[in-house]
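Below, each chain spelled out in residue letters.
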Amino acid sequence: MIIARVVGNVVATQKHDAHEGKKILLIQPLDLEGQPMGDVVVALDAVDAGIGDRVLAVQEGFSAMTSVGHIESPIDAAVIGVVDFVELA
């Protein structure tokens, strides 16, 4: 799992049947201090996140597929939570 910020949307007029009704988001992975880290990732939204939200995401096929409720869905990343705060001990 990674923490990321939603930085955009992807609009697709045609997509796989398993993705109908789901948003496709662009997410920027963040380090533990909240700074951008690495490349922007395309992820299917399972929690109705929006631009600017800090989110929890998975980047592994089976975890992503099951989190959106479609084990046959051809995805490798999904947004699975909206992060309220992060506390480092």
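Preceding this section is the structure that the text describes.
Here the structure is a predicted model, which means the values were calculated and not measured.

Trainee: Can you walk me through the pattern of salt bridges in this structure?
Mentor: Oppositely charged side chains can pair when the atoms bearing their charge come close. In the structure shown here, the tally under the stated rule is two salt bridges. Residue Asp45 pairs with Lys23 through a salt bridge whose shortest N-O separation is 3.6 Å. Of this pair, Asp45 sits in strand β3 (residues 41–45) while Lys23 sits in the loop between β1 (2–10) and β2 (24–29), and the two are 22 residues apart along the sequence. Its relative accessible area of 5% is what places Asp45 among the buried residues. Using a relative accessible area of 32% as the deciding quantity, one classes Lys23 as partly exposed. One continuous salt-bridge network, built from bridges that share partners, spans Lys23, Asp45 and Asp48.

About the cut-offs
Residues numbered from 1 in each chain as written. Predicted model: local features only at pLDDT ≥ 70, side-chain atom pairs only at ≥ 80, totals over all residues. Heavy atoms only, no water. Salt bridge = Lys/Arg side-chain N within 4 Å of Asp/Glu carboxyl O. Helix = DSSP H or I, 4+ residues; strand = E, 2+ residues; numbered from the N terminus. Buried < 20%, exposed > 50% of the residue type's maximum accessible area, 1.4 Å probe, protein only.

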